Amino acid sequence: MIMATVVAPSSSQVRSVPVPLLDLKAQFAPIRDDIISAVTAVLESQQFILGPVVAECETRIAEYCGCRYGVGVSSGTDALLLALMAERIGPGDEVITTPYTFFATAGSIARVGAKPVFVDILPDTFNIDPSQIEAKITAATKAIIPVHLYGQCADMDAINEIACRHSLVVIEDAAQAIGAEYRGRRAGSMGKYGCFSFFPSKNLGCAGDGGMVTCGDAETAELLQVLRVHGSKPKYYHSLIGGNFRFDAIQAAVINAKLPHLDRWSQMRQANAARYRRLFAEAGLIGEDRIRLPVEAPDRRHIYNQFVIRAARRDELIAYLRKRNIGVEIYYPVPLHLQECFAYLGHRPGEFPASEAAARETLALPIYPELSDVQAESVVEAVRCFYESNGAV
């Protein structure tokens, strides 16, 4: 009797399809006519800076975020910068934030001449740890900038309670979190300022750079509006020094056209995250020696700007996936306290262990709304093959 030997396919034989980290063409195709019509209307009006289209965008975004006012600006970075300028934060002041975020958060603090003061993150949500904030407050502290990282809100009740007790301003960095919620409140509505980015890769992205500052009172909104046009009011009369932070009407038109689709896109991202959780669990890939999935904190609406996992042998896994045309990214490989430009702050490795561990261990997988079943299965299968083949090609 001849016994047949069953040989498992090698990792190179496993069926897979290319999976980009982000596919903006897939988003654009079904709404192409709406976008073209909105942009064409601006071109025909020949009113490209601020104007009625921007005003409409400001009103709609403010309403969506549960805020009274929105002030359109030139980028998410400039939104942060404008909020700091509105508070007259500058040399000699300190602003508390996280070292595990995109550079603009701390970079904006430094640009106004203030000192970034870092507080480590919570390992599960990657957001600032409120229990460590109070120890960093000094007489020079003027504000706290929590970051709603990857689309999940920070613990805003705890942060606001500390800020209130010490008379500090809270500026929400909500660049990755439009539509995210914390106990029923939208990102950008819980501090004095909410700062948003419309960079094309965001859940709500324009066709270039753009951003928004949200706030809750008319006086603050007017100050932001004056500062974004070089501190001019009326035109050519300057009682303040501001900057050129004006919002382009074409970018506002793109946002206006996309906004009605945002909640559906967010729901698709949430569904993709749930599918990843199921597929990774079924594949037996969850564990300290393989991967750990992102945590959704209680009372949150996570809108998954990124789906960030922790992975054993992270860098090897990334190389393996990229060879199979699966898009992945590290957000962020070097925490801010270890960046060369912040060496003057005097930080050393080991000071913020949770942030440093996240920088070493995490990677983002494709999570865009149009991600198909086949693509998600291909990502999970490639991860399975990496660990079961010990990374062999």
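Numbering of residues starts from 1 in every chain and runs along the sequence as written. Totals for whole chains, interfaces and linings use all residues, but because this is a predicted model, local features are given only for residues with pLDDT of at least 70 and pairs of side-chain atoms are given and counted only at 80 or more. Think of the side-chain values as coming from all heavy atoms in the structure, minus any hydrogens and water.

Attention shifts here to the packing of aromatic side chains. Only rings of Phe, Tyr and Trp enter the pairing, Trp through its six-membered ring, and a pair is recorded when the two centres are within 6.5 Å. The plane angle decides the type: under 30 degrees is stacked, over 60 is edge-to-face, the rest tilted. Enumeration over the complete set of coordinates arrives at 16 aromatic pairs. Judged by centre distance (6.2 Å) and plane angle (55°), the ring pair of Phe342 and Tyr344 falls under tilted. For the exposure calls, accessible area comes from a 1.4 Å probe over protein chains only, and a residue counts as buried if that area is under 20% of its type's maximum, exposed if over 50%, partly exposed in between. Given the relative accessible area of 54%, Tyr344 is considered exposed. Ring geometry for Phe386 against Tyr387: centres 4.8 Å apart, planes inclined by 80°, an arrangement best described as edge-to-face.

Reading across the sheet, the 3 strands line up as S7-S6-S11 and stay open at both edges, with antiparallel pairing between neighbours. At either end of the open sheet lies a strand with only one pairing partner, and these are strand S7 (185-186) and strand S11 (300-301). Two strands qualify as a pair provided DSSP detects at least 2 bridges between them. Each helix is a run of DSSP H or I of at least 4 residues and each strand a run of E of at least 2, with the numbering of both proceeding from the N terminus. Taken together, the 2 bridges between strand S6 (residues 181-182) and S7 define a ladder with antiparallel strand orientation. Bridged to Glu181 within S7 is Arg186.

Where nonpolar side chains cluster on the molecular surface, the patch consists of Leu43, Phe48 and Ile49 and spans about 230 Å² of accessible area. As for its position among the elements, Leu43 is in helix H2 (residues 32-45). Residue classification places Leu43 among the partly exposed positions, given a relative accessible area of 41%. Put simply, a patch holds well-exposed residues, over 30% relative accessible area, that have no salt bridge, with like charges counted together within 9 Å and Val, Leu, Ile, Met, Phe, Trp or Tyr side chains within 5 Å. Computed with the Shrake-Rupley method and a 1.4 Å probe, the accessible areas treat only the protein chains shown as cover for residues. Note on definitions: salt bridges are taken to be side-chain nitrogens of Lys or Arg within 4 Å of carboxyl oxygens of Asp or Glu.

Relative to the assigned elements, Asn272 resides in helix H9 (residues 262-282). Classification of Asn272 as buried rests on a relative accessible area of 5%. In the analysis that follows, any N or O atom pair within 3.5 Å is treated as a polar contact, provided that within protein one partner can donate a hydrogen and the other can accept it, and provided that, for residues neighboring in sequence, both atoms belong to side chains. A polar contact is formed between the side chain of Asn272 and the backbone oxygen of Ile367, at a distance of 3.5 Å. Once residues lying within four places of it in the same chain are set aside, the contact partners of Asn272 are Ile367, Tyr368, Pro369 and Leu371. Should any heavy atoms of two residues lie within 4.5 Å, those residues are counted as being in contact.

Let us now look at the environment of Ala175. For Ala175, the position within the fold is in the loop between strand S5 (169-173) and S6. Considered as a pair, Ala175 and Tyr150 are 25 residues apart in the sequence and their alpha carbons are 9.1 Å apart.

Below, the discussion takes up the sheet that holds strand S4 (residues 141-144). Pairing is mixed across the open sheet formed by 7 strands, whose spatial order is S1-S9-S8-S5-S4-S2-S3. Each edge of the open sheet is held by one strand with a lone partner, namely strand S1 (69-73) and strand S3 (115-118). The sheet shows a mean angle of 25° between the axes of neighbouring strands, taken without regard to direction. As defined by bridge partners, strand S8 (residues 193-197) adjoins strand S9 (residues 211-215) across 4 bridges and the pair is classed as antiparallel. Residue pairing for S9: Gly194 is matched across the bridge by Thr214. Only the stretch in contact is used when a helix axis is fitted, and all axes are lines through C-alpha atoms; the angle between N-to-C directions ranges over 0 to 180 degrees.

Function cannot be read off these values alone, since they describe shape.
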